[in-house]
Amino acid sequence: MGFDHKGIRMRRLRSAPWIREMLSETRLSPADLIWPLFVIEGQNAREAVQSMPGVERTSIDLLIEKAKQARDLGIPAIALFPVVPSDKKDESASESANEDNLMCRAIRALKKDVPEIGIVADVALDPYTSHGHDGLVRDGIILNDETVEVLCRQAVVQAKAGADIIAPSDMMDGRVSGIRAALDEAGYTQISIMAYAAKFASCFYGPFRDAVQSGGFLKGDKKTYQMNPANASEALREVELDIGEGADMVMVKPGLPYLDLVYRVKTAFNMPTFAYHVSGEYSMLKAASEKGYLDYEAAMMETLLGFKRAGCDGILTYAALDAAGLLAKQRS
Ligand code: PBG
């Protein structure tokens, strides 16, 4: 033999299912998953999202059924996104601070009927603005501090409705400290903040904008507030700032193309670290499987495991229910 391997054979440890299972360094559990859901007005209403096969928008009564399914499979939390009727959208996102808006009604109904599941409430103005931006706009400029004031009101009405986690996804500067102060002042000191800390201006959000019907309204792009996909040092700075401002948990978004940052954020800050496996990433898996190029279940489970291996404490994914269902089947 022309090589000296000193008897080392890595393959010994891969020789049978039991030993592969025993030596598995990373495991995916339903408890790692947060399921994003879209809510619409109406009763017994469901609409398929054309660019996200398997995902639908539902009215509050059916949203409750989904939350129960998630709870029964061990998914700890859902993330809510409202589809705001166009006659409720305006330049100043006034509907966002209405205590009886669709989002707040959904939160209240969920808290009443499925109190066991955590509710992550998105804070950003894009569902409510007639121009589709996450902030207020004047003369084509996205206003920072004026936007933060509206975000604070939005966060407080959501907390009042019963949200457990406030998740600002807007990328305005200073919004985490603003929201923390507003929540505390209103008496919601126990409500935590999951900051979309490093959120990039990504084309992978395309199907989401279809789902919440904000894409058609959006004028221009979000590059003056969401990050440049080329930047990693800046992402670490964004995360550090949000932690300093009082974020309890941080998020990297999108997921797969940014796993280097998940790893670096977890290593650098030791904070509860989440990634958002966003709409476009989900749709790619679905499209490839519909074409017969990939097995959806296998590709999806391998993807989610990759997030865990990179250091995620949790993953927001549209595949959460599918994954939790598969995990339950594997155990039985
Ligand atoms: C907007 C928001 C977006 C997503 C979550 N919140 C889109 C955007 O920034 O335009 C994207 C989620 C996804 O693509 O799954 N505040």
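The following refers to the structure shown. (Residues numbered from 1 in each chain as written. Predicted model: local features only at pLDDT ≥ 70, side-chain atom pairs only at ≥ 80, totals over all residues. Heavy atoms only, no water.)

Now for the site of the ligand. Inspection of the region around the ligand gives 18 residues, with Arg209, Lys222, Lys253, Ser279 and Tyr318 positioned closest. Take Lys199: an N or O atom from its side chain is 2.8 Å from an oxygen atom of the ligand. Within the side chain of Lys222, a nitrogen or oxygen atom sits 2.7 Å from an oxygen atom of the ligand. Protein contacts shield 100% of the accessible area of the ligand, which totals 410 Å² for the unbound molecule. When its residues are assigned to classes, the shell around the ligand shows eight nonpolar, three polar and seven charged. (Near = heavy atom within 4 Å. Polar contact = N/O pair within 3.5 Å; in protein donor to acceptor, adjacent residues only side chain to side chain. Areas by Shrake-Rupley, 256 points an atom, 1.4 Å probe, with all protein chains shown as cover. Nonpolar A, V, L, I, M, F, W, Y, C, P; charged D, E, K, R; others polar.)

Moving on: the packing of aromatic side chains. All chains considered together, the criterion is met by nine aromatic pairs. Relative to Tyr258, the ring of Phe200 lies with its centre 4.3 Å away and its plane at 20°, an arrangement referred to as stacked. Taken together, the positions of Phe200 in the loop between strand E9 (192-199) and helix H6 (206-211) and Tyr258 in the loop between strand E10 (249-253) and helix H8 (259-269) put the pair 58 residues apart, joining distant regions of the chain. Classification of Phe200 by relative accessible area gives buried; the value is 0%. You can call Tyr258 buried: its relative accessible area is 9%. Taken together, a centroid distance of 6.0 Å and an interplanar angle of 45° make the contact between Tyr276 and Tyr318 tilted. (Phe/Tyr/Trp six-rings, centres within 6.5 Å; stacked < 30°, edge-to-face > 60°. Helix = DSSP H or I, 4+ residues; strand = E, 2+ residues; numbered from the N terminus. Buried < 20%, exposed > 50% of the residue type's maximum accessible area, 1.4 Å probe, protein only.)

What follows covers a positive patch on the surface. A cluster of basic side chains, namely Arg9, Arg11, Arg12 and Arg14, defines a positive patch on the protein surface. By secondary structure assignment, the location of Arg9 is in the segment before helix H1 (17-22). (Patch = residues over 30% accessible without salt bridge, like charges linked within 9 Å, V, L, I, M, F, W, Y side chains within 5 Å. Salt bridge = Lys/Arg side-chain N within 4 Å of Asp/Glu carboxyl O. Lys, Arg positive; Asp, Glu negative; His and termini not counted. Charge placed at Lys NZ, Arg CZ, Asp CG, Glu CD.)

Let's shift gears to the packing of helix H4 (residues 145-161) against helix H5 (residues 175-185). Running from N to C, H4 and H5 cross one another at 45°; their axes reach a closest spacing of 9 Å. Taken as axis vectors, H4 and H5 run oblique relative to one another. With respect to the hand of their crossing, H4 and H5 are arranged in right-handed fashion. Contacts from Val148, Leu151, Cys152, Ala155, Val156 and Ala159 of H4 reach H5 at Arg175, Gly178, Ile179, Ala182 and Leu183. Across the contact of H4 with H5, the residue classes tally to nine nonpolar, one polar and one charged. (Axes fitted to C-alpha atoms, helices over the stretch in contact; angles between N-to-C directions. Parallel < 35°, antiparallel > 145°, perpendicular 65-115°, else oblique. Left-handed = near helix turned anticlockwise from the far one by under 90°. Contact = heavy atoms within 4.5 Å.)

As a further point, take the pattern of salt bridges. Tallying each qualifying case throughout the model produces 20 salt bridges. Put simply, Arg27 and Glu21 hold a salt bridge, and the shortest N to O gap is 3.3 Å. The salt bridge partner of Asp184 is Arg180, with a shortest N-O separation of 2.9 Å. You can see Asp184 and its partner Arg180 sitting in helix H5, four residues apart, about one turn around the helix. Asp184 gets classed as partly exposed once you look at its relative accessible area, which sits at 32%. For Arg180, a relative accessible area of 13% gives the class buried. Connected through shared salt-bridge partners, Arg46, Glu56 and Lys66 make up one network.

Helix length check: helix H11 (residues 320-331), at 12 residues, gives a terminal C-alpha distance of 17 Å against a target of 16 Å (1.5 Å per residue), a fit within 8%. The set of residues buried in H11 consists of Ala320, Leu321, Ala323, Ala324, Leu326 and Leu327. Contacts made by the buried residues of H11 are with strand E1 (33-40), helix H2 (60-72), helix H10 (296-310) and strand E12 (314-317). (Expected span 1.5 Å × (residues − 1).)

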